[in-house]
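Architecture and fold: a report
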Protein chains: 2
Amino acid sequence: MIVEMVNTGSELMLGRVLNSHQQWLCRRLSDLGYVVTRQIAVPDMAPEIELAVRDSLSRADLVLTTGGLGPTTDDLTREVIARLLSRALREDAEILAQIQAFFAGRNRPMPEQARVQALVPEGASVLPNPHGTAPGLVLHVNPNPFRNGGKESWLILLPGPGRELRPMFTDSVVPFLLRALPLSDSFVCRTLRTTGIAESIVQERIEGSLRELVLSGLDVGYCARPGQVDVRLAARGDDAESRVDAADAAVRAQLGSDIFGTGDENLEEVVVHLLAARKKTLALAESCTGGCIAHQLTNVSGASAVFRAGWVTYSNDAKQKFLGVRAETLDRHGAVSEAVAREMADGARHLGEADYAIAVTGIAGPTGGTPAKPTGTVFIAVASPKGTQVREMHNTWDRLTFKEVTARQALNQLRRLLHGPP
Amino acid sequence: MIVEMVNTGSELMLGRVLNSHQQWLCRRLSDLGYVVTRQIAVPDMAPEIELAVRDSLSRADLVLTTGGLGPTTDDLTREVIARLLSRALREDAEILAQIQAFFAGRNRPMPEQARVQALVPEGASVLPNPHGTAPGLVLHVNPNPFRNGGKESWLILLPGPGRELRPMFTDSVVPFLLRALPLSDSFVCRTLRTTGIAESIVQERIEGSLRELVLSGLDVGYCARPGQVDVRLAARGDDAESRVDAADAAVRAQLGSDIFGTGDENLEEVVVHLLAARKKTLALAESCTGGCIAHQLTNVSGASAVFRAGWVTYSNDAKQKFLGVRAETLDRHGAVSEAVAREMADGARHLGEADYAIAVTGIAGPTGGTPAKPTGTVFIAVASPKGTQVREMHNTWDRLTFKEVTARQALNQLRRLLHGPP
């Protein structure tokens, strides 16, 4: 199966936006066994889009495009492809009604040019877009005039905005692919997610016990980002499931509780679900992470059942006034210290009337470091019914990565306390 | 000038890593006026790399490749391109000495396979790599066997690791381009960033006054994400600067203070800088945004000078206990109400001893909505020395987008209060 992707957008070519769709779609597709063999980005210009789509159709069984379905004059994909394939564009009454409803639901008048999004090339199927106005489109190009022997291809047009593209892919494109373009081989792919250990250490710990499975065709991949390493286990063929199961067991035997989740589960979800299952509550006191932990936790639907209260206390004043940190402790140890982290966590747990509390105090940088406490120094405290545990970390990253890595470490410290049966 | 880029890497195609080189290089190139017209990513496989480079050479004056110059078995670019152009590979004594010095300087033995990086295709110029072992290469393809009439092209091979590629581009590629491939036209590109208005409305308001400039060759682009629309104005030629200036003035006349910044400035930076310039401080009381506003603000270096304290108060209890919201107000109006937003903001401003306070209370969803107050309903209050202003918004997005859009609106409401000379 040959799969290609065409991303349209002048902003991509000018380097104004990052092509995160490419990674996201390639990841989802490869997890299903559809590996993209070529990805092309072109500006919002009709000749460029036409040439790229035509080239891809000359090679691929499946071509996905992203972008260019919206209402503005630089949205050209729908029209270019209809012309390339000599298909008439017809206004679809149902889509038009949905677009009208979308604006009505937001108490906004529908701009006249929004109407163009209801145009559908002849013979195309429509993928609903509950998060926006431009639906996705699926075209069966059969015979395919650009391919040797007219061999058929499928062409899927997806909208540009990520909040529209992602649910559309998951809810509509995946079921379509499994139905219309099933893979001849069965394919199993599983991801185990770890936090707190470096990529080279993860690899060192597991590669020995995976060696035989790899020789028999298991594919092992690593994906590292700050504070998290994913291990991807994939196999093709009739016994794919049992080989991935064996690899899964071997990895778990080596990494144990360093694995926090599987697939797309993220650490904040795991923590919220562990707390909810135990009917326990959490409070947060953040200094250098500045609300990052609260933001991540409250991204999880259901967080309100476990999250009691959070404080963002940058200044010494605020640490004293709102969390009850003692002036003496600040004077003697400084704001970035084990003692202050401990008092922040104890204060947040007590005032928030929570079972657990996380507190973080450190130096995010780029300024504020000293020789004794360089930029990146951070103390993470977790208060629990059994006492308060503080760890010192040195996270020498840029400011944003520092906040995210520190948030991972703090949530992981709580996860380890909650680990095991409720 | 036609410019294309080929990124090699199987991990790109599997969606395991983000193609940040593409954005970085496209941005630098376009700022110099070399706009990339096509970008292609292919896996680390010889036939795919060969086909992509050959295709690009058939169209482009300048082709840049990234990746595949290292010492491992999946590094194929150098060899594939030498073969494609029928150029012999010769070991360069100077490069070999540099590679040996690189390992000696790290007290590590040089692996035998590292030697392959000293191979140079006949006629190529070498770009030094002070941050790694694989040098970059520049090939003048003249005559170009893949292009109509044999028209010449330039081919530049860059290493994959960002810490090697970026300085090599800045220190060696840019001077080379300016010398060997000077642009006949000057090029000017400017971005104006707006918030609070939909993409189609932005376009509707400005397209009339830009029409003549567009007819004379001005390029206008829109980039929309939730809560933000960027307008990009670009022109080429001797009068590029004055045409972009004229377009800039025309857009500002129409959009006025809906424009919050230019270039890469983001809203949280603008707000932190406005507060800092006025020596004013801010407190935050967040319910449904759950720390998102605090997180965004504290991403800005220097936020500590203006940010007094933040509260994340999901529950009614916490709103009363920590912010002084009255039980009576909660009983009479409910937690999601103008009155509660006002009392949260007033409480945060008073307790945080700040000049301004933002408070947000609403229903992020997916659960918690009622017929009277559906999911997406949110009240945003900004307290200032002159009083407290509350706005009701309906942000019907998924949970994460809801939080981000609401944070944009809240920061923008404060920005509008701070707007004008200090």
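First, a word on what this report is: a plain description of the structure on this page.

A tally of helices and strands in chain A yields 14 helices and 17 strands. When the backbone C-alpha atoms are referred to their principal axes, chain A occupies close to 80 × 60 × 40 Å.

With that settled, consider the nonpolar core. Ala 345, Ala 348 and Ala 357 of chain A together with Ala 345, Ala 348 and Ala 357 of chain B are the most contacted members of the largest nonpolar core, which has 113 residues in total. Among all residues touching Ala 348 of chain A, those that are not within four sequence positions of it are Ala 283, Leu 284, Ala 285, Trp 311, Leu 323, Ala 357 and Ala 359 of chain A. Membership of the second largest hydrophobic core comes to 109 residues, among which are Ala 60 and Leu 137 of chain A together with Leu 12 and Cys 189 of chain B.

Moving on to the interface of chain A and chain B. Chain A puts 62 residues into the contact, and the matching count from chain B is 63 residues. Within the residue set of the side of chain A that touches chain B, elements represented by two or more residues are helix H1 (10–13), helix H2 (20–32), strand E2 (36–42), strand E10 (219–225), helix H10 (292–298), strand E14 (307–312), helix H11 (316–323) and helix H14 (399–418) of chain A. Relative to strand E14 (residues 307–312) of chain B, E14 of chain A is paired through 3 bridges, and the arrangement is antiparallel. Bridged to Val 312 of chain A within E14 of chain B is Gly 310 of chain B.

With that out of the way, let us pick up the sheet that holds strand E13 (residues 282–286) of chain B. Note on sheets: strands pair through backbone hydrogen bonds, and any given pair is parallel or antiparallel. An order of E17(A)-E16(A)-E15(A)-E13(A)-E14(A)-E14(B)-E13(B)-E15(B)-E16(B)-E17(B) is seen for the 10 strands of this open sheet, with the pairing classed as mixed. Each edge of the open sheet carries a strand with a single partner, namely strand E17 (387–394) of chain A together with strand E17 (387–394) of chain B. Each strand axis lies, on average, 10 degrees off the axis of its neighbour in the sheet, ignoring direction. Alignment of E13 of chain B against E14 of chain B, held across 5 bridges, turns out to be parallel. When the sheet's bridge partners are listed, Glu 286 of chain B is paired in E14 of chain B with Val 312 of chain B. On the sheet, helix H11 (residues 316–323) of chain B packs against E14 of chain A together with E13 and E14 of chain B and is oriented at approximately 35 degrees with respect to E14 of chain A. Along the sheet face, helix H14 (residues 399–418) of chain B touches strand E15 (356–362), strand E16 (377–384) and E17 of chain B and points at about 30 degrees away from the line of E16 of chain B.

Residue and element names in this part refer to chain A. When we look at burial in H11, the residues that qualify are Ala 318, Lys 319, Phe 322 and Leu 323. Each buried residue of H11 sits inside an arc of 105 degrees when the element is viewed along its axis, so together they form one side. Gly 324 lies just past H11 and shows a positive phi near 75 degrees.

This part takes up the sheet that holds strand E12 (residues 259–262) of chain B. All names here are of chain B. One open sheet holds the 4 strands; their spatial order is E10-E11-E9-E12, and the pairing between them is antiparallel. Single-partner strands in this sheet number two, and they are strand E10 (219–225) and E12. This sheet shows a mean twist of 25 degrees between the axes of neighbouring strands, independent of strand direction. Sheet analysis places E10 next to strand E11 (residues 228–236), joined by 7 bridges and oriented antiparallel. Bridged to Ala 224 within E11 is Val 229. Relative to strand E9 (residues 187–194), helix H8 (residues 240–255) is tilted by about 10 degrees, and along the sheet it contacts E9, E11 and E12.

What counts, and at which threshold
Residues numbered from 1 in each chain as written. Chains lettered and ligands numbered in written order. Predicted model: local features only at pLDDT ≥ 70, side-chain atom pairs only at ≥ 80, totals over all residues. Helix = DSSP H or I, 4+ residues; strand = E, 2+ residues; numbered from the N terminus. Core = buried A, V, L, I, M, F, W, Y, C linked by C-beta atoms within 7 Å. Buried ≥ 20, exposed ≤ 12 C-beta atoms within 10 Å, placed from the backbone. Contact = placed C-beta atoms within 7 Å. Pairing = 2+ DSSP bridges. Axes fitted to C-alpha atoms, helices over the stretch in contact; angles between N-to-C directions. Arc of directions from axis to C-beta.

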